[in-house]
Amino acid sequence: MNIKSSSSELFQGFSKLNLRERLNKLREMGALTEEDIYFLQTSVDPVLTDLAEKLVENVIGCFPLPLGIATNFQIDGEKYLIPMVVEETSIIAAASKTAKWIRSTGSITTEIDGDCIIGQVHFPSVKDFSALSQTIMAYKTQLIEELNQGVANGLFQRGGGVCDLVLREIPQKNQPSIAVLHVLLNPCDAMGANIISQVCEALKPRLATLTHERVGICILSNLVDSKITRVKIVLRNIDRTLGQAIEEAWVFAACDPYRAATHNKGVLNGMDAVLIATGNDWRAVEAGVHAYAARSGQYQPITRWQMQGDDLHGFFAAPVIVGTVGGVTRLHPTAQLCLRLLGVKNAESLSRVIAAVGLVQNLGALRALSEEGICQGHMKLHVDNLLMAAGAKTEQISTAREILQKILQQEKKISVTDAKQVLNDLELTS
Ligand code: MEV
């Protein structure tokens, strides 16, 4: 970018400007053109830009992503339409196609183990761990009661609140131990990030006084192994060769972290799309999933596929901590619409649906990889994107699409150069 003047003063007071002033400032700097500003102002509804200003800082516009619907899902016997926000070609098609396959010959069932999320209160350098442990044990019930009558009272009234306090020691070589107090809290239908931090911060001065130990940082942990969402898929009488290929692909991921990373990316393709559609914090779920996948010391797939007789069984287990109230879920009109469309009753149901979509997406990817390979299906859907990138006119698309698909069939690959060539040839012959 070519900024006309170069000085940090340029940005002084930038955050205090209103949207119009920010855009003007960027134009004066040479960072945006009039056309850019017109585009930013007209490409989305001003209601969303106003909302964006309430959510984040220094807003200059919004960045819309495609919202689609995955069809054919039946989870725990209930039919669902799955809203997915994602930019990658094939994800929604693969989810729908795989869900149809499962519905015709199998089932998806889900459950959740545990209901508490984890907050951490950190003791950076403990003088006497055993004394700290005794003090925590002695005051545990009282502390939980104080929190549930105080900062967590709203949740407590709704059947949630603080459930337990668990102390951990992290020994250090030739140094005093680190200690961590895990605060286990049931956030009901909220994701709980704000309330858990408030609870931990409320504990901080109390713990410092009671324990005479120095207290460090207070924050939630995204590795929520106290609340695990599980999904099981059974596909009956599956083609043995395909079933075994899917199992082999899983074994590969279980033995090789390089493959496990991509395997899990395929799971998260589905999960992230629903997380974003419902206004949930997908970075938090991603962090939790990856940390859970690495909990043995080797990064592992978060799903498992096994042939049992003639049936293929698939399993998913990981923390999927989401909310249906609070934060962006409540504020964003599209997230509200998606939650309505999905028809989930509470945060637990949403978590089960998201995990199920992840396992279905993973199955779709492994099936495609085991059969035709990912490129063919992907590229078929990618043809239109290539044509647009090559500058195709609307009236050229359908003829050019057919020609490009033939090239794809023959060559097994196509690129934007092929698309440009096809468009050139069409121009010459018309
Ligand atoms: C691409 O977005 C996802 C896959 O790479 C997942 C996988 O390899 O299992 C196809």
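Refer to the structure presented above.
As a starting point, this report considers the structure included with it. Here the structure is a predicted model, which is why all the values come from computation and not from measurement. (Residues numbered from 1 in each chain as written. Predicted model: local features only at pLDDT ≥ 70, side-chain atom pairs only at ≥ 80, totals over all residues. Heavy atoms only, no water.)

## Digging into the overall build of the chain
Item 1. Regarding its fold elements, the chain presents 16 helices and 10 strands.
Item 2. Each of the three principal axes of the chain carries a C-alpha extent, and together these read 85 × 70 × 45 Å.
Item 3. Considering the chain as a whole, with its 430 residues, one finds that 44% of them fall into the buried category.
Item 4. In the chain, once contacts between residues fewer than 6 apart in sequence are set aside, the share between residues at least 24 apart is 72%.
Item 5. When the accessible area of the chain is evaluated, it comes to approximately 22,100 Å², of which 52% is carbon and sulfur surface.
Item 6. In the chain, 41 side chains carry a positive charge and 45 a negative one; their mean positions are 2 Å apart. (Helix = DSSP H or I, 4+ residues; strand = E, 2+ residues; numbered from the N terminus. Buried < 20%, exposed > 50% of the residue type's maximum accessible area, 1.4 Å probe, protein only. Contact = heavy atoms within 4.5 Å. Areas by Shrake-Rupley, 256 points an atom, 1.4 Å probe, with all protein chains shown as cover. Lys, Arg positive; Asp, Glu negative; His and termini not counted. Charge placed at Lys NZ, Arg CZ, Asp CG, Glu CD.)

## Looking at the site of the ligand
Item 1. In the vicinity of the ligand lie 10 residues, with Glu88, Arg259, Lys265, Asn269 and Leu369 positioned nearest.
Item 2. One of the side-chain N or O atoms of Lys265 is found 2.7 Å from an oxygen atom in the ligand.
Item 3. Taking Asn269, its side chain carries an N or O atom lying 2.9 Å from an oxygen atom of the ligand.
Item 4. In isolation the ligand has 300 Å² of accessible area, and contact with the protein removes 83% of it.
Item 5. Residue assignment for the shell around the ligand shows that the elements contributing at least two residues are helix H9 (257-277) and helix H13 (347-370).
Item 6. Of all the elements, H9 adds the most residues to the shell around the ligand, at six residues. (Near = heavy atom within 4 Å. Polar contact = N/O pair within 3.5 Å; in protein donor to acceptor, adjacent residues only side chain to side chain.)

## With respect to the sheet that holds strand E10 (residues 311-318)
Item 1. The sheet built from four strands is open, its strands ordered E3-E8-E10-E9 with antiparallel pairing. Pairing within the sheet leaves two strands with one partner each, and these edge strands are strand E3 (106-113) and strand E9 (303-308). When the angles between neighbouring strand axes are averaged without regard to direction, this sheet yields 15 degrees.
Item 2. Relative to E10, E9 runs antiparallel, the two being bridged by six bridges. By the bridge assignment, Trp305 is partnered in E10 with Gly314.
Item 3. In the packing of H13 onto the sheet, the strands contacted are E3, strand E8 (228-235), E9 and E10, and the crossing angle to E8 comes to about 45 degrees. (Pairing = 2+ DSSP bridges. Axes fitted to C-alpha atoms, helices over the stretch in contact; angles between N-to-C directions.)

## Overview of the state of the cysteines
Item 1. For the coordinates displayed, the defined rule picks out zero disulfides.
Item 2. Cys338 provides the cysteine sulfur closest to Cys62, a residue in no disulfide bond, and the two sulfurs are 15 Å apart.
Item 3. No disulfide involves Cys218; its sulfur sits 5.7 Å from that of Cys200, the nearest cysteine.
Item 4. On the basis of relative accessible area, Cys218 is assigned to the buried category, the value being 11%. (Disulfide = S-S within 2.5 Å.)

## Describing the packing of aromatic side chains
For any pair of aromatic rings, geometry is given as the distance between the ring centres together with the angle between the planes.
Item 1. Inspection of every chain in the model, using the stated rule, returns one aromatic pair.
Item 2. Geometrically, the ring pair formed by Phe11 and Phe14 is edge-to-face, given 5.8 Å between the ring centres and 75 degrees between the ring planes.
Item 3. Against the face of Trp282 rests Arg283, its NZ or CZ located 4.4 Å from the ring centre.
Item 4. The ring of Phe315 carries the charged tip of Arg304 above its face, separated from the ring centre by 4.4 Å. (Phe/Tyr/Trp six-rings, centres within 6.5 Å; stacked < 30°, edge-to-face > 60°. Lys NZ or Arg CZ within 6 Å of the ring centre and 35° of its normal.)

## Here's the deal with the pattern of salt bridges
Item 1. Evaluated as defined, the whole model comprises 12 salt bridges.
Item 2. Salt-bridge contacts for Lys265 lead to Glu88; the nearest nitrogen and oxygen are separated by 2.9 Å. Of this pair, Lys265 sits in helix H9 while Glu88 sits in the loop between strand E2 (78-85) and helix H4 (91-105), and the two are 177 residues apart along the sequence.
Item 3. A residue is classified by how much of its surface remains accessible, and Lys265, at 39% relative accessible area, is partly exposed.
Item 4. Here Glu88 falls in the partly exposed class, since its relative accessible area comes to 27%.
Item 5. Close ionic contact of Asp164 with Lys140 constitutes a salt bridge, the shortest N to O distance being 2.9 Å. With Asp164 in strand E5 (residues 161-172) and Lys140 in helix H5 (residues 129-149), this residue pair connects regions lying 24 residues apart in the sequence.
Item 6. Owing to a relative accessible area of 25%, Asp164 belongs among the partly exposed residues under this scheme.
Item 7. The partly exposed category is assigned to Lys140, whose relative accessible area is 21%. (Salt bridge = Lys/Arg side-chain N within 4 Å of Asp/Glu carboxyl O.)

## Some details on the pairing of strand E4 (residues 117-123)
Item 1. In terms of burial, E4 is a largely internal element, five of the seven residues being buried.
Item 2. The sheet contact formed by E4 and strand E7 (residues 218-221) spans four bridges and is antiparallel. Residue pairing in the sheet places Val121 in a bridge with Cys218 of E7.

## Structural notes on a nonpolar patch on the surface
Item 1. Taken together, the side chains of Ile69, Leu81, Leu337 and Leu341 present a nonpolar region at the surface, about 300 Å² in accessible area.
Item 2. Tracing the backbone through its elements, the reader meets Leu341 in helix H12 (residues 333-342).
Item 3. Its relative accessible area of 35% is what places Leu341 among the partly exposed residues. (Patch = residues over 30% accessible without salt bridge, like charges linked within 9 Å, V, L, I, M, F, W, Y side chains within 5 Å.)

## What to know about helix H3 (residues 46-55)
Item 1. For H3, the complete set of buried residues consists of Thr49, Leu51 and Ala52. For H3, the arc enclosing every buried residue in end-on projection is 160 degrees, short of the 170-degree limit, so these residues lie on one face. Opposite the buried face of H3, at more than 90 degrees from it, the exposed residues are Pro46, Val47 and Lys54.
Item 2. Among the structural elements, helix H1 (19-29), helix H11 (327-331) and H12 are those in contact with the buried residues of H3.
Item 3. Its side-chain oxygen placed 2.8 Å from the backbone nitrogen of Val47, Asp45 serves as the N-cap of H3. (Arc of directions from axis to C-beta.)

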